[in-house]
Amino acid sequence: MVGSRVRVLVVDDSAFFRRRIAAMLGGDPMIEVVGFAGDGQSAIIEARRLKPDVITMDVEMPVLDGISAVKRIVAENPIPILMFSSLTHEGAKATLDALEAGAVDFLPKQFDSTTGQEASTLLVRRVLAIGTRGVNRRLGTLIKPRPAPVAQRPAYPIHRGSYRLVAIGASTGGPVAIQTLLAALPASFPLPIIIVVHMPASFTPAYAERLDSQCAISVKEAADGDLLRPAHAYLAPGGKQMLLERRGEGVVIRVKESTPEQTYRPCVDVSLGSAARLMPRDVLAIILTGMGANGKQAARLLKEGGSTVWSQNEESCVVYGMPQAVEKAGLSDRVLALADIGPSLIKAV
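Just so you know, these numbers come straight off a predicted model, no measurement behind them.

## A closer look at the packing of aromatic side chains
1) Next: A complete count under the given rule lists two aromatic pairs for this structure.
2) Next: Note that Lys109 overlies the ring of Phe17, its terminal NZ or CZ placed 4.2 Å from the centroid.
3) Next: Directly above the ring of Trp310 sits Arg334, whose terminal nitrogen or CZ lies 5.2 Å from the centroid.

## Focus on the nonpolar core
1) Next: Judged by nonpolar contacts, the single largest core of 61 residues is most densely connected at Met57, Ile168, Ile178, Leu182, Ile193, Ile217 and Ile286.
2) Next: The biggest single contributor to this core is helix α4 (residues 89–101), with six residues.
3) Next: Apart from residues no more than four positions distant in its own chain, Met57 is found in contact with Val11, Ala43, Gly66, Ala69, Val70, Ile73, Ile81, Leu82, Met83 and Phe84.
4) Next: In terms of nonpolar packing, the next biggest core, distinct from the first, is built from 31 residues, Ile194, Leu228, Val268 and Ala276 among them.

## A few points about the sheet that holds strand β4 (residues 81–85)
Where strands meet in a sheet, backbone hydrogen bonds hold them as pairs that are either parallel or antiparallel.
1) Next: Strand order in the open sheet formed by five strands is β2-β1-β3-β4-β5, and the pairing between neighbours is parallel. Edge strands, defined here as strands with exactly one partner in the open sheet, are β2 (31–37) and β5 (105–108). Within this sheet the neighbouring strands show an average axis-to-axis angle of 25 degrees, counted without direction.
2) Next: Inspection of the sheet shows strand β1 (residues 6–11) paired to strand β3 (residues 54–58) by four bridges, in the parallel sense. Pairing of Val10 across the sheet is with Thr56, part of β3.

## Some points on the pairing of β3
1) Next: Among the five residues of β3, five are classified as buried, and the element is accordingly described as predominantly covered.
2) Next: The alternating pattern of β3 places Val54, Thr56 and Asp58 on one face and Ile55 and Met57 on the opposite face, and all of these are buried.
3) Next: Summarising the sheet, β3 and β4 pair through four bridges and their orientation is parallel. By the bridge assignment, Asp58 is partnered in β4 with Phe84.

## What about unusual backbone geometry?
1) Next: The linkage connecting Arg265 with the following residue, Pro266, adopts the cis geometry, with an omega of 10 degrees.
2) Next: With respect to the element layout, Pro266 can be found in the loop between β11 (250–257) and α8 (268–278).
3) Next: At Val63, a residue that is not glycine, the phi angle is positive and equals roughly 65 degrees.
4) Next: Tracing the backbone shows Val63 in the loop between β3 and α3 (66–76).

## Some thoughts on the layout of surface pockets
Remark: the empty space left among the atoms is shown by a probe the size of a water molecule rolled over them.
1) Next: Taken as a whole, the largest pocket encloses approximately 1000 Å³ of empty space.
2) Next: Lining the largest pocket we find 34 residues, and of these Glu118, Leu122, Arg126, Thr263 and Arg265 sit closest to its centre.
3) Next: Of all the secondary structure elements, the ones that give two or more residues to the lining of the largest pocket are β5 and α5 (116–139).
4) Next: Ranked by the residues each element gives to the lining of the largest pocket, the list is headed by α5, at seven residues.

About the thresholds
- Residues numbered from 1 in each chain as written.
- Predicted model: local features only at pLDDT ≥ 70, side-chain atom pairs only at ≥ 80, totals over all residues.
- Heavy atoms only, no water.
- Phe/Tyr/Trp six-rings, centres within 6.5 Å; stacked < 30°, edge-to-face > 60°.
- Lys NZ or Arg CZ within 6 Å of the ring centre and 35° of its normal.
- Core = buried A, V, L, I, M, F, W, Y, C linked by side-chain atoms within 4.5 Å.
- Buried < 20%, exposed > 50% of the residue type's maximum accessible area, 1.4 Å probe, protein only.
- Helix = DSSP H or I, 4+ residues; strand = E, 2+ residues; numbered from the N terminus.
- Contact = heavy atoms within 4.5 Å.
- Pairing = 2+ DSSP bridges.
- Axes fitted to C-alpha atoms, helices over the stretch in contact; angles between N-to-C directions.
- 1 Å grid on protein atoms, 1.4 Å probe; cavity = no way out; pocket = protein on both sides within 12 Å on 5 of 7 lines; lining within 4 Å.
- Points joined across faces, edges and corners; volume = space filled by probe spheres on them.

Printed below as a string of structure tokens:
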């Protein structure tokens, strides 16, 4: 039993937060906290010694900061690293730097009494999701089991003619995957793109700025009333919902407050489902890495209307949850490695 647990190294310069994170993780029988480090340099040493399946890492630390530690750790051994981030614009920028350096995901560092239980549940789920591959590697079980049967593909309408919109959904591992995809597109890309990735409200402005600076197409955080334009990508604002609405001959974005029952804010099913209802035959949807099955309902609506759905393959995903749900439901027209999605998209449109 112990050998199959996800082994975690906790890195934070605060002894209080190290104890708090360990307590949150220790409540799950599938997780074992195997060590601690109080700075980036110690993290590198402990990572070599303990060979954990997952590392939780703070950004700002003495001796060596978290971003520098991430670069050095993943250069030696691609251990999944989960960053903790402050909910500020500067904190978001630092976290995005850490993701570019090789971290696979992040969580807001909010452990107060009003959010503690929710934060604990999310932390445990995230560590288990990103740590599974490390356990398999350590136990020598990388040979793939026989895959579960994929649902027989229903007789959906076949897409004919040109697309009018590209719609992308992602979660865990999504920020880097989306950057990889969009960076492959030329400034002359002929379609608008909408993007939904599970991120807090304080992160999406900095993330949109980062994408815009690194891509040939224009990228912005979506605002209510934005008119969809070719070679422009619109990122759903964190904490809210992004929908599409027809205005004359064009299509505009509507940004609305999330309702209490909406778990994902923003939600892939909400945004892509809106696109499916507005232009049922004309969307090319792409479901990227992420936990859960958010996006599957919208993929079904899109397929029923005659649109096209692609999904990222398991090997290139950080977490093969959302794409797997779409593929196993028989809703994916193509299953592609992340590196192939951008070039394939250029050819398709």
